[in-house]
Amino acid sequence: MCVGAFVKGQGVIAFGYDSATQKFGKDLPGNIGFQRFIKVLNFTSIVLLGNFNPAIYHPEWLEKFKILPIQEIQWAEGEKTEMKEIPYKNGTLVLKKIPPLMVTPDLTELFFPSLRLTVNYERFECSTEERRNFSLVKDVVIKIFSLLSHTPIKAVGINFHAHWKFKDPSDVILKNLFAKNDSAFQNSLGPDYHIGGTIWSIQKGVKSSLKIEKSNKLDNGVYIQANYHKDIETIQTEQPINFIQENYDDFINQFIEESKKILGDPEETWKMQQPKK
Amino acid sequence: MENATAQKISQESTTPLIEDITGSLILRDSIPKTDPDKENTGYHISEQSSGSDSLESKQIIEPAKKPIYQITENIDQWWIGEVLEVHTNEGYFVASLRDVIGPKVESVAEFDIKTISQNTEEVEQCLFPGANFAFYVVTEHGIGPPRTSSGLQFTMPYIWREGDNEKVKELYRDLFPSDPPLDE
């Protein structure tokens with residue numbers, strides 16, 4: 001079965017899908033039975049640099065102020081520490097399953113079903129590997145720093161990752177981009193070398209970097225990583241919040257457009273398999 | 001419930017499979033004939049093995065687990081509020097509400113003081129002009145129809161204020177006059 005190709009919304013792109021070959025493509029013939037969205041991005045994170053108090057970011061605080069819905073907190077709180085001993089060589093190996101919530105004065109690490117929160121004294125990071133939770137990450141960061149409005153902030157970074165597969169194998173694409181005259185590399189490294197690179201630019205005061213290299217998730221695929229960084233020296237969170245609110249969705253589009261201009265349209269994208277609970 | 005299902009299956013012999021209450025499929029021939037006296041043991045012994053004394057030959061089927069009802073919620077709206085006026089005698093306060101997630105709309109609303117807490121001391125601590133709070137509307141899903149509710153959650157005032165540094169230094173000088181001052 002094949003499905004139609006169209007572009008809709010912000011950063012959500014659909015192509016044809018052939019269930020027989022399990023391939024996506026813009027030029028697949030056949031019936032347009034239903035429309036299927038390809039989740040073209042695999043990861044997002046919003047990072048703030050500044051001065052933070054990790055102990056504040058407690059699950060109960062997040063629940064009390066309705067920053068996250070109750071089911072997220074309950075899921076994480078329901079996970080217990082588990083110890084398992086298995087024979088190993090002449091002794092025993094103890095495996096410890098760490099619960100997904102850790103709150104200490106120095107470091108907070110919270111793993112919720114939808115997102116992950118990591119905070120230390122100088123760095124705050126909220127991330128997800130699910131495309132449907134990208135807007136949740138943005139909302140959670142905005143809510144948190146609307147409440148903690150006197151947090152000193154130095155910089156904000158918005159990050160995206162993607163694994164795309166193209167018609168041509170990754171080595172051909174990457175060598176074409178970064179090693180057009182590859183005889184020098186071949187002479188010293190042999191024909192089987194891999195290459196990748198990072199492209200930096202500054203647009204409207206935002207430092208952006210696009211890292212492109214061989215994917216470790218998709219065979220012959222390409223891994224793309226974007227960072228949009230803005231230096232903001234402030235003791236009020238209004239400016240960083242406005243920056244995130246006004247630019248986050250645009251950066252998603254920008255990342256996809258720039259990647260497609262440089263690399264072309266993807267035929268396949270990698271999607272993380274959900275671990276069975 | 002399971003007895004009724006078993007009877008139904010024995011009558012409809014052409015049906016090879018049935019769906020139990022957990023939603024999983026089990027083979028018709030393995031439907032247990034439940035003994036009322038043994039129902040509380042938590043296990044049912046298959047009819048096929050009822051004539052045998054050997055436990056190994058008995059087919060043991062775990063009973064269907066009872067569904068666990070868990071409340072989930074959607075956070076429909078979320079605002080940052082700032083108290084503008086407090087009318088204690090009239091029992092209400094006026095606050096501005098800022099939609100930080102959606103379009104930047106600021107509105108002014110009146111709230112009943114009782115919605116904060118029934119505890120007067122707690123209300124006195126958090127309710128003052130300039131106090132910040134989160135105001136949210138959630139839809140709860142669980143037993144029965146979805147239920148929409150709202151709530152207010154006040155942020156505690158900052159303990160360390162402008163000028164507190166100087167006050168601490170002054171206090172330190174008074175308490176420990178022989179010590180060098182804090183700022184040196």
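Note that this is a predicted model, so its numbers are computed, not measured. (Residues numbered from 1 in each chain as written. Chains lettered and ligands numbered in written order. Predicted model: local features only at pLDDT ≥ 70, side-chain atom pairs only at ≥ 80, totals over all residues.)

## Details of the overall build of chain A
Item 1. Looking only at helices and strands, one finds six helices and 16 strands in chain A.
Item 2. The buried share among the 277 residues of chain A stands at 31%.
Item 3. Taking contacts inside chain A between residues at least 6 apart in sequence as the whole, the part at least 24 apart equals 63%. (Helix = DSSP H or I, 4+ residues; strand = E, 2+ residues; numbered from the N terminus. Buried ≥ 20, exposed ≤ 12 C-beta atoms within 10 Å, placed from the backbone. Contact = placed C-beta atoms within 7 Å.)

## Some points on the overall build of chain B
Item 1. In terms of regular secondary structure, chain B is built from three helices and nine strands.
Item 2. Here chain B holds 184 residues, and 10% of them are scored as buried.
Item 3. Residue pairs at least 24 apart in sequence account for 36% of intrachain contacts in chain B once pairs closer than 6 positions are excluded.

## Some points on the sheet that holds strand 7 (residues 106–112) of chain B
All names here are of chain B.
Item 1. The strand order 7-6-5-8-9 describes an open sheet built from five strands, whose pairing is antiparallel. The open sheet has two edge strands with one neighbour each: strand 7 and strand 9 (147–154). For this sheet, the mean inter-axis angle between neighbouring strands, taken without regard to orientation, is 35 degrees.
Item 2. Judged from the seven bridges that link them, strand 6 (residues 92–99) and strand 7 form a sheet pairing that is antiparallel. Opposite Leu-97, over in strand 7, you have Ser-107 as the bridge partner. (Pairing = 2+ DSSP bridges. Axes fitted to C-alpha atoms, helices over the stretch in contact; angles between N-to-C directions.)

## Comments concerning the interface of chain A and chain B
Item 1. Taken together, the 13 residues of chain A in the interface contact 15 residues of chain B.
Item 2. Broken down by element, the side of chain A that touches chain B gets its largest block of residues, five residues, from helix 3 (residues 134–147) of chain A.
Item 3. Per-class residue counts for the side of chain A that touches chain B are six nonpolar, three polar and four charged. (Nonpolar A, V, L, I, M, F, W, Y, C, P; charged D, E, K, R; others polar.)

## A look at the packing of helix 3 of chain A against helix 6 (residues 238–263) of chain A
Residue and element names in this part refer to chain A.
Item 1. Orientation of helix 3 relative to helix 6, taken along the N-to-C sense of each, is 160 degrees, at an axis distance of 10 Å. With respect to their mutual orientation, helix 3 and helix 6 come out roughly antiparallel. You can see that helix 3 and helix 6 cross each other, and the crossing is left-handed. Two secondary-structure elements touch here, helix 3 through Lys-138, Val-141, Ile-142, Phe-145 and Ser-146 and helix 6 through Pro-240, Ile-241, Ile-244, Gln-245 and Tyr-248.
Item 2. Its residues assigned to classes, the contact of helix 3 with helix 6 comprises seven nonpolar, two polar and one charged. (Parallel < 35°, antiparallel > 145°, perpendicular 65-115°, else oblique. Left-handed = near helix turned anticlockwise from the far one by under 90°.)

## Section: the pairing of strand 14 (residues 206–214) of chain A
Residues and elements named next belong to chain A.
Item 1. Two elements, strand 13 (residues 197–203) and strand 14, share seven bridges in a ladder whose sense is antiparallel. Looking at the pairing, Ile-202 lines up with Lys-207 of strand 14.
Item 2. Counted along the chain from strand 13 to the antiparallel partner strand 14, the turn is two residues long, and its residue Lys-204 has a positive phi close to 50 degrees.
Item 3. Where strand 14 and strand 15 (residues 222–234) come together, eight bridges link them in antiparallel fashion. Looking across to strand 15, one finds that Glu-213 is bridged to Tyr-223.

## Structural notes on helix 4 (residues 170–178) of chain A
Item 1. Of all the positions in helix 4 of chain A, only A:Ser170, A:Ile173 and A:Leu174 are classed as buried. The buried side chains of helix 4 of chain A occupy one side of the element, clustering within an arc of 90 degrees when seen end-on. (Arc of directions from axis to C-beta.)

## Quick notes on helix 3 of chain A
Item 1. The end-to-end C-alpha distance of helix 3 of chain A, which contains 14 residues, comes to 21 Å, matching closely the 20 Å that a straight helix rising 1.5 Å per residue would cover.
Item 2. Counted residue by residue, helix 3 of chain A has twelve buried out of 14 residues, so it is predominantly covered.
Item 3. Buried residues of helix 3 of chain A: A:Phe134, A:Val137, A:Lys138, A:Asp139, A:Val140, A:Val141, A:Ile142, A:Lys143, A:Ile144, A:Phe145, A:Ser146 and A:Leu147, and no others.
Item 4. On the buried face of helix 3 of chain A, the contacting elements are strand 5 (43–50), strand 11 (123–128) and helix 6 of chain A together with strand 5 (72–87) and strand 8 (132–141) of chain B. (Expected span 1.5 Å × (residues − 1).)

## Details of the nonpolar core
Item 1. Residues A:Val140, A:Val141, A:Ile224 and B:Ala134 are the most contacted members of the largest nonpolar core, which totals 60 residues.
Item 2. Of the residues forming this core, the biggest block, eight residues, is contributed by helix 3 of chain A.
Item 3. Beyond its immediate chain neighbours, meaning those up to four positions away, B:Ala134 contacts A:Phe65, A:Lys66, A:Leu147, B:Trp78, B:Ile80 and B:Gln153. (Core = buried A, V, L, I, M, F, W, Y, C linked by C-beta atoms within 7 Å.)

## Side note on the confidence of the model for chain B
Low pLDDT marks stretches whose predicted atomic positions should not be read closely.
Residue and element names in this part refer to chain B.
Item 1. Looking at chain B as a whole, its pLDDT mean stands at 70, while 58% of the residues score no less than 70.
Item 2. Taken as a whole, residues 1–52 scores under 50 in pLDDT and shows 51 contacts with residues more than four places along the chain or in a different chain.
Item 3. For this predicted complex, the interface confidence reaches an ipTM of 0.72, while the overall pTM sits at 0.69. (pLDDT = per-residue confidence, 0-100.)

## Digging into the pairing of strand 11 of chain A
Every regular strand shows the same layout, with side chains that alternate between the two sheet faces.
Residues and elements named next belong to chain A.
Item 1. Along strand 11, the buried face is formed by Phe-124, Cys-126 and Thr-128; none of Arg-123, Glu-125 and Ser-127, which line the opposite face, is buried.
Item 2. As paired strands, strand 5 and strand 11 are joined by six bridges and run antiparallel to one another. Its bridge partner lying in strand 11, Ser-45 is registered against Ser-127.
Item 3. Across four bridges, strand 10 (residues 116–120) lies against strand 11 in antiparallel orientation. From the neighbouring strand, Arg-116 faces strand 11, where its bridge partner is Ser-127.
Item 4. Taking the residues between adjacent antiparallel strands as the criterion, strand 10 and strand 11 are bridged by two residues.

## A look at the environment of B:Phe128
Item 1. Position of B:Phe128 among the secondary structure elements: in the loop between helix 2 (120–126) and strand 8.
Item 2. A tally of 12 C-beta atoms within 10 Å means that B:Phe128 is categorised as exposed.

## A short note on the confidence of the model for chain A
Residues and elements named next belong to chain A.
Item 1. Residues at a pLDDT of 70 or more form 81% of chain A, whose mean pLDDT is 81.
Item 2. Per-element averaging of pLDDT across chain A places strand 1 (residues 6–8) at the bottom with 30 and strand 11 at the top with 96.
Item 3. Contacts of residues 1–38 to residues separated by more than four positions or lying in other chains number 63 contacts, the stretch itself having pLDDT below 50.

## Here's the deal with unusual backbone geometry
Residues and elements named next belong to chain A.
Item 1. At Lys-66, a residue that is not glycine, the phi angle is positive and equals roughly 55 degrees.
Item 2. Tracing the backbone shows Lys-66 in the loop between helix 1 (59–64) and helix 2 (70–78).
Item 3. Taking the C-beta count within 10 Å as the criterion, Lys-66 has 21 such neighbours and is therefore assigned buried.

## Quick notes on the environment of A:Phe185
Residue and element names in this part refer to chain A.
Item 1. Its place among the elements puts Phe-185 in helix 5 (residues 183–189).
Item 2. Take Phe-185: there are 15 C-beta atoms within 10 Å of it, and that puts it in the partly exposed class.
Item 3. Measuring from C-alpha to C-alpha, the distance between Phe-185 and Ile-195 comes to 9.6 Å, with ten residues separating the pair along the chain.
Item 4. Excluding residues that lie within four positions of it along the chain, Phe-185 makes contacts with Ala-179 and Tyr-193.

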